[in-house]
Amino acid sequence: MTSTGEQPAVGPMEAAVAPAALGLRAQLVRFVLIGGFAACVDLGIYQLLLVLGVWAPLAKGVSFILGTTTAYLLNRRFTFASSSGGGAKFVGFLVLYGSTFAVNVGVASLVLHLMDAPTVGTPFLPAFVSWFVAQACATTINFIVMRTVIFKD
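Here the structure is a predicted model, which is why all the values come from computation and not from measurement.

Student: In this structure, what is going on with the overall build of the chain? I would like to understand it.
Tutor: Summing up its helical and strand segments, the chain has five helices and zero strands in all. In sequence order, the chain lays out its α and β elements as α-α-α-α-α. When each of the 153 residues of the chain is scored for burial, the buried share is 35%. Restricting to contacts in the chain with at least 6 residues of sequence separation, those with at least 24 account for 74%. Surface exposure of the chain reaches about 8800 Å², of which carbon and sulfur atoms provide 74%.

Student: Would you explain the packing of aromatic side chains in this entry?
Tutor: When we look at a pair of aromatic rings, we describe it by the centre distance and by the angle of the planes. Counting across every chain of the model gives six aromatic pairs. Three or more aromatic residues joined by ring pairs make a cluster, and in this case those are Phe-124, Phe-128, Trp-131 and Phe-132. The ring of Tyr-46 is capped by Lys-60, whose NZ or CZ atom sits 5.7 Å from the centre of that ring.

Student: Where do I start with the side chain of Ser-63 in this structure?
Tutor: Turning to its location among the elements, Ser-63 is positioned in helix H3 (residues 56-79). What makes Ser-63 buried here is its relative accessible area of 0%. Polar contacts involving the side chain of Ser-63 include one to the side chain of Asp-42, which spans 2.7 Å. Not counting the four nearest positions on each side in its chain, Ser-63 is found in contact with Asp-42, Ile-45 and Tyr-46.

Student: Would you explain the nonpolar core in this entry?
Tutor: The nonpolar side chains of a soluble globular protein tend to be buried, and buried together. In this structure, Phe-31, Phe-64, Tyr-72, Phe-80, Phe-93, Leu-96, Tyr-97, Ala-138, Phe-143, Met-146, Ile-150 and Phe-151 together form the largest nonpolar core, which totals twelve residues. Those elements that provide at least two residues to this core are H3, helix H4 (86-114) and helix H5 (124-150). At four residues, H5 tops the list of elements feeding residues into this core.

Student: Sorry, what's going on with the side chain of Lys-60 here?
Tutor: Along the chain, Lys-60 turns up in helix H3. Here Lys-60 is in contact with Asp-42, Tyr-46, Asn-104, Val-105, Ala-108, Trp-131 and Gln-135, once residues within four sequence places are set aside.

Student: Help me understand a nonpolar patch on the surface, please; the structure alone is not making it clear to me.
Tutor: Side chains of Trp-55, Leu-58, Val-62, Leu-66 and Val-120 sit close together on the surface and give an oily, nonpolar patch of about 450 Å² of accessible area. Examined against the element boundaries, Trp-55 turns out to sit in the loop between helix H2 (24-51) and H3. By relative accessible area, which is 48% here, Trp-55 ends up partly exposed.

Student: What am I meant to see in unusual backbone geometry here?
Tutor: Of note in this structure, Asp-116 is not a glycine but carries a positive phi near 55°. On the secondary structure map, Asp-116 appears in the loop between H4 and H5. Asp-116 gets classed as exposed once you look at its relative accessible area, which sits at 70%.

Student: Whenever I open this one, the environment of Val-103 confuses me. Can you help?
Tutor: Following the sequence through the fold, Val-103 ends up in helix H4. Judged by its relative accessible area of 29%, Val-103 is partly exposed. Val-103 sits 38 residues away from Ile-141 along the chain, and the two C-alpha atoms are 9.6 Å apart. Apart from the residues lying within four places of it in its own chain, the contact partners of Val-103 are Cys-137 and Ile-141.

Cut-offs applied
Residues numbered from 1 in each chain as written. Predicted model: local features only at pLDDT ≥ 70, side-chain atom pairs only at ≥ 80, totals over all residues. Heavy atoms only, no water. Helix = DSSP H or I, 4+ residues; strand = E, 2+ residues; numbered from the N terminus. Buried < 20%, exposed > 50% of the residue type's maximum accessible area, 1.4 Å probe, protein only. Contact = heavy atoms within 4.5 Å. Areas by Shrake-Rupley, 256 points an atom, 1.4 Å probe, with all protein chains shown as cover. Phe/Tyr/Trp six-rings, centres within 6.5 Å; stacked < 30°, edge-to-face > 60°. Lys NZ or Arg CZ within 6 Å of the ring centre and 35° of its normal. Polar contact = N/O pair within 3.5 Å; in protein donor to acceptor, adjacent residues only side chain to side chain. Core = buried A, V, L, I, M, F, W, Y, C linked by side-chain atoms within 4.5 Å. Patch = residues over 30% accessible without salt bridge, like charges linked within 9 Å, V, L, I, M, F, W, Y side chains within 5 Å. Salt bridge = Lys/Arg side-chain N within 4 Å of Asp/Glu carboxyl O.

Take it as geometry only, folks, not as evidence of what the structure does.
Spelled out as structure tokens, the structure:
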């Protein structure tokens, strides 16, 4: 607001830099859609690396990093419409995803262990089940922390 109480004029460049915040429902829908796409990136890379004979925990780590980076970039732009605090928010993202990286790889490894599945040459079904359970845990943590801490404006 200006000193006279009027809203300052906002040009098209300023409007593009500071998008309007979305409500919970719109954020959740976009988060789920983007998450689905990022999950496809994660699962696709995970399965590809397993087919190539990569050790399952390493394959999960690499696929998680690629899927997570995809999700962060898209969510930052389209879900949480954040344009301020880029550096600080990215550090928050790194801390969050470093934590959920451990949860994701740990849960996937635990599920493979509980299914008595090999970690090299892992068959599709145990690999998918372990990926799915790990993804569900990490996604829940990520949405809550992203919405309430990292992208809270």
